Amino acid sequence: MAQVNGETETVVRRLRDGMAGGVLSFPLTSFHDDGSLDPDGFRAHVAAQTATNPGAIFPACGTGEFFSLDEDEYRQVVTIAVEEAAGRVPVVAGVGYGWAQAARFARIAEEAGADALLVLPHYLVAAPQDGLVAQLEQLAARTRLPLIAYQRGQVAFTASSLKRIAGIPGVIGLKDGHSDLDRLQRLTLAAPEGFLFFNGASTAEIQARAYATVGVPAYSSAVHAFAPEIANAFFAALRDGDDKTVEKLLREFYVPFVELRDRVPGYAVSLVKAAARLRGRPVGPVRAPLTDPTAADLADLTALLTTGLDLVGAAL
């Protein structure tokens, strides 16, 4: 990893400590029924999330429907997350599109007090490795905040490119959403000491043990957004080597949840929001092009959520 300043070193240390102690929280962005932003609902949601001791808070990312936010809404979301975190946990805000637009969001996140940025995959086009590296170089030159690259969709780094991005001042880590463990092992072996890696697979708990075998134990948890009791119980069992509990939660909750999630495109966010609403969280509906679950799928989600909470001694 390139030489970093003291502020960046502090962020890296706080993230590493947080990753070791808890799951990474990706809060949902709250909307009113008419689709407008609900700042009060979002504040209540983030307050509830931070109260359950996550390793870090990642507002306005994929689960937070970054793609649907305008710049003013983004500013409100990141500002509220920073205020509610109150320095207790790092706040890593999502940025995306091309580097020029990402830089605009980065400036807003800086002004709002975020600690770092998660660079979501760029918009639409496929690009060669040189272009993927240049995208991060351009953004890093325009922000003082540390960057975590996110490989997913059309973004996938080679080992040689990983070495290059790790040499960009301010780039501190990589979140992986491809679940290609062969590629990921090559990346972790190519990375310099101190470079951070995150498991960003959808419903990451399913693959958490596999990721850990290639040196990536930290993971984001969408389940934490609606059932921190389940997410934290799974994390504790995984950390403690309690395979019986891990496998029970996987078999009876996580695998059925993934099967339900896979019924409709976009359910990776829509189901999470619906589950949060079932628990009285003021997160509201999803924005188009996502759609809320059908009545039948919502009934199945309710039954599954009840089962999962019962497994960890909690109630709907």
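One structure accompanies this document, and this report is about it.

Conventions adopted
- Residues take numbers from 1 onward in each chain, read along the sequence in its written order.
- For a predicted model such as this one, the threshold for reporting local features is a pLDDT of at least 70, and the threshold for listing and counting side-chain atom pairs is 80 or more; totals across whole chains, interfaces and linings nevertheless cover every residue.
- To obtain the side-chain values, all non-hydrogen atoms of the structure were included, while hydrogens and water were left out.
- Numbered from the N terminus, helices here are DSSP runs of H or I no shorter than four residues, and strands are runs of E no shorter than two.
- Each residue is assigned to one of three classes by its accessible area relative to the maximum for its type, calculated with a 1.4 Å probe on protein chains only: buried under 20%, partly exposed between the two thresholds, exposed over 50%.
- Pairs of residues are marked as contacts when any of their non-hydrogen atoms sit within 4.5 Å.
- As used throughout, the charge tally considers Lys and Arg to be positive and Asp and Glu to be negative, leaving His and the chain termini uncounted.
- Throughout, a charge is located at the NZ atom of Lys, the CZ atom of Arg, the CG atom of Asp or the CD atom of Glu.
- Expected helix span is computed as 1.5 Å times (number of residues minus one).
- The way it works is a 1 Å grid over only the protein atoms, where trapped points that fit a 1.4 Å probe form a cavity and open points with protein on both sides within 12 Å along at least five of seven lines form a pocket, and then any residue with an atom within 4 Å of a point lines it.
- Grid points are joined across faces, edges and corners, and a volume is the space filled by probe spheres set on the points.
- Residue type decides the class: Asp, Glu, Lys and Arg count as charged, Ala, Val, Leu, Ile, Met, Phe, Trp, Tyr, Cys and Pro as nonpolar, and the leftover types, Gly among them, as polar.
- For every element, the axis is a line fit to its C-alpha atoms; helices are fit only across the contacting stretch, and the angle between N-to-C directions ranges from 0 to 180 degrees.
- Rotating anticlockwise by less than a right angle from the far helix to the near helix defines a left-handed crossing, while the corresponding clockwise rotation defines a right-handed one.

Turning to the overall build of the protein chain, a few remarks are in order. Scanning the protein chain from N- to C-terminus turns up twelve helices and eight strands. Principal-axis analysis of the C-alpha atoms gives the protein chain an extent of 50 × 45 × 35 Å. Here the protein chain holds 316 residues, and 53% of them are scored as buried. Contacts in the protein chain between residues far apart in sequence, at least 24 positions, make up 73% of those at least 6 positions apart. Positive and negative charge centroids in the protein chain, built from 28 and 36 side chains respectively, lie 3 Å apart.

Another aspect to go through is helix 11 (residues 267-278). Spanning twelve residues, helix 11 covers 15 Å between terminal C-alpha atoms, matching the ideal 16 Å at 1.5 Å per step. Buried residues dominate helix 11, accounting for nine of its twelve residues. Residues of helix 11 that are buried sit in contact with helix 10 (243-261) and helix 12 (295-311). A positive phi of about 80 degrees marks Gly280, the residue just after helix 11.

What follows deals with the layout of surface pockets. Here the largest pocket defines a volume of roughly 850 Å³. What lines the largest pocket is a set of 34 residues, and nearest its centre among them are Cys61, Gly62, Thr63, Tyr150 and Arg152. When residues of the lining of the largest pocket are traced back to their parent elements, those giving at least two are strand 8 (220-221), helix 10 and helix 11. Top element by residues in the lining of the largest pocket is helix 11. It accounts for three residues. Taken together, the residues of the lining of the largest pocket sort by class into 19 nonpolar, twelve polar and three charged. Taken as a whole, the second largest pocket holds about 270 Å³ of empty space. Taken together, 13 residues line the second largest pocket, and the ones lying closest to its centre are Met19, Ala20, Phe197, Pro217 and Ala218. Going through the elements one at a time, helix 1 (6-21), strand 7 (196-199) and helix 9 (228-240) are the ones with two or more residues in the lining of the second largest pocket.

To describe two helices that pack against each other, one gives the angle between their axes and the distance between the axes. Running from N to C, helix 4 (residues 99-112) and helix 5 (residues 129-140) point in directions that differ by 35 degrees, and their axes come no closer than 9 Å. For the element pair helix 4 and helix 5, the recorded crossing hand is right-handed. In this structure, helix 4 contributes Trp99, Ala102, Ala103 and Ala106 to the contact, and helix 5 contributes Gln135, Gln138 and Leu139. The class makeup of the residues in the contact of helix 4 with helix 5 is five nonpolar, two polar and no charged.

This part covers unusual backbone geometry. Each neighbour pair has its own omega, and for Ala288 with Pro289 the value is 15 degrees, a cis peptide bond. Secondary-structure assignment places Pro289 in the loop between helix 11 and helix 12. Phi is positive for Tyr97, close to 70 degrees, though the residue is something other than glycine. Among the structural elements, Tyr97 can be located in the loop between strand 3 (92-95) and helix 4. In this structure, Ser179 is a non-glycine residue whose phi angle is positive, near 60 degrees. Structurally, the position occupied by Ser179 is in the loop between strand 6 (171-176) and helix 7 (181-190).

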